[in-house]
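Structural overview
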Amino acid sequence: MLEAMELRKTFKGKTVVDNINLYIEQGEAVGLLGPNGAGKSTTISMISSLLYPSSGDVRLDGRSVLKTPGDIRRIIGVVPQEIALYEKLSAYENLRFFGSIYKLKGKHLTDRIANTLELVGLTERQHELIRTYSGGMKRRINIAAALLHEPKLVIMDEPTVGIDPQSRNHILDTVRKLNREKGMSVLYTSHYMEEVEQLCSRVYIMDHGRLIASGTKEELLRILSGEETMIVQLSKPSPELLMELRGLPFVRSAEETEDGVKLIVTKQSGILTEVVQAAERHHVQIVQIQVHTPSLEDVFLHLTGRKLRD
Ligand SMILES: Nc1ncnc2c1ncn2[C@@H]1O[C@H](COP(=O)(O)OP(=O)(O)OP(=O)(O)O)[C@@H](O)[C@H]1O
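No experiment lies behind these values; they were computed from the predicted model shown. (Residues numbered from 1 in each chain as written. Predicted model: local features only at pLDDT ≥ 70, side-chain atom pairs only at ≥ 80, totals over all residues. Heavy atoms only, no water.)

A short note on the sheet that holds strand E2 (residues 14-24)
Overall, antiparallel pairing links the four strands, which are arranged E2-E1-E4-E5 in an open sheet. One side of each edge strand has no neighbouring strand; the edge strands of this open sheet are E2 and strand E5 (63-64). One ladder, built from five bridges, connects strand E1 (residues 2-11) with strand E4 (residues 55-60); its direction is antiparallel. When the bridges of E4 are listed, Leu-2 appears paired with Leu-60. Strand contacts of helix H1 (residues 40-47): E1, E2 and E4, with the helix running at about 125 degrees to E1, the strand carrying the most contacts. (Pairing = 2+ DSSP bridges. Helix = DSSP H or I, 4+ residues; strand = E, 2+ residues; numbered from the N terminus. Contact = heavy atoms within 4.5 Å. Axes fitted to C-alpha atoms, helices over the stretch in contact; angles between N-to-C directions.)

A short note on the domain arrangement of the protein chain
Under the domain assignment used here, the protein chain contains domain 1 (2-221) and domain 2 (225-293). Averaged C-alpha coordinates put domain 1 and domain 2 at centres separated by 40 Å. (Domains from an automatic or database assignment.)

Focus: the site of the ligand
Around the ligand, the structure places 13 residues, and the nearest of them are Gly-37, Gly-39, Ser-41, Thr-42 and Glu-158. Within the backbone of Ala-38, one N or O atom sits 3.0 Å away from an oxygen atom of the ligand. Contact between the ligand and Ser-41: an oxygen atom at 2.7 Å from a side-chain N or O atom of the residue. Relative to its unbound accessible surface of 630 Å², the ligand loses 60% to contact with the protein. Of the residues assigned to the shell around the ligand, the class counts are four nonpolar, six polar and three charged. (Near = heavy atom within 4 Å. Polar contact = N/O pair within 3.5 Å; in protein donor to acceptor, adjacent residues only side chain to side chain. Areas by Shrake-Rupley, 256 points an atom, 1.4 Å probe, with all protein chains shown as cover. Nonpolar A, V, L, I, M, F, W, Y, C, P; charged D, E, K, R; others polar.)

A look at helix H9 (residues 239-247)
Restricting attention to buried positions, one finds in H9 the residues Leu-241, Leu-242 and Leu-245. Down the axis, H9 shows its buried residues gathered within 100 degrees of arc, on one side only. Facing away from the buried surface of H9 by more than 90 degrees, the exposed residues are Pro-239, Met-243 and Gly-247. Buried residues belonging to H9 abut strand E11 (227-234), strand E12 (251-257), strand E13 (260-266) and helix H10 (271-281). (Buried < 20%, exposed > 50% of the residue type's maximum accessible area, 1.4 Å probe, protein only. Arc of directions from axis to C-beta.)

What to know about the pairing of strand E10 (residues 210-215)
A regular strand carries its side chains on alternate faces of the sheet. Relative to E10, strand E9 (residues 202-207) is paired through five bridges, and the arrangement is antiparallel. Of the residues in E10, the one forming a bridge with Ile-205 is Ala-213. Hairpin connection, E9 to E10: the antiparallel pair is bridged by two residues, and His-208 has positive phi, about 50 degrees.

Focus: the packing of aromatic side chains
For the structure shown, the criterion picks out two aromatic pairs. Taken together, a centroid distance of 5.2 Å and an interplanar angle of 90 degrees make the contact between Tyr-86 and Phe-97 edge-to-face. Here Tyr-86 is found in the loop between strand E6 (76-79) and helix H3 (91-101), whereas its partner Phe-97 is found in helix H3, with 11 residues between them in sequence. Look at Phe-97 and you get partly exposed, because its relative accessible area is 33%. Each ring, one from Phe-97 and one from Phe-98, has its centre 5.4 Å from the other, and the planes form 70 degrees; the classification is edge-to-face. Here a set of aromatic residues connected by ring pairs shows up, and it is made of Tyr-86, Phe-97 and Phe-98. In this structure, Arg-168 packs its charged tip against the face of Tyr-192, placed 5.3 Å from the ring centre. (Phe/Tyr/Trp six-rings, centres within 6.5 Å; stacked < 30°, edge-to-face > 60°. Lys NZ or Arg CZ within 6 Å of the ring centre and 35° of its normal.)

Structure, rendered in structure tokens:
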């Protein structure tokens, strides 16, 4: 349905998006995951025709849409990171205004407003002024505004950042419903791994402007299929122990946690003994060790050397 081909964006000589290739099929929910500054917003701005790429192409059903942005704007709804609403108008009035931009009129517009308000769970509050809304409620109205013209694809830029848990759950439910019940395609950017795991069937992982991995959750987990995650709780922090662990041949990555270290290790026998002996050499007691199968967060750490929310 939608395809980004070799997208690149340079600001004042600095490349912030570098050779991005991605696609979204009709009815698919796709995640774009990356830490702050990875280039997610810039990428989706180019896909939604809000920003012109330095090079590359965006295709809708095989046709380039860079020169005809109207084509793509009709079929997509974009939920930006910043709240774009009129504070002095009610939610209903805001939606009427956005509906008129999409050239919706009369009963059709009224029906669409009622439908989207219902979807985001704010029918009861629709006549209250936006300035009295919580951040989460404003974000939900922003989502309603992006859905008024019944887009085939909704693109959401970190829609749950900095909002209350109730609105967050509501947004996640809404996205799930749109995708699974209405067959709407979704491109969802986030730096919350668990959200993307819950909502999306396929994930692109981005770091420093580039895609570093992509696939279904199962495919991404396979990257670490020969490894295990080991969470070691220590009696005290020890940078020297961390250094030594990093140097062990079976340790793929090691990072400090709140009360110890987290290791990704290649599965083999004798690892526990070696970790215990290293701790003894540094006079640090091991309080507890947990070993589990790596998560997607671990895959990200392994690929980038940093946590998603660093
Ligand atoms: N208009 C601009 N001019 C110059 N640099 C920009 C511009 N827009 C974005 N950047 C830079 O591009 C890089 C990627 O930013 P972008 O907002 O796309 O990342 P992101 O992954 O969406 O991060 P976040 O999660 O913080 O929104 C950042 O270093 C940012 O400072």
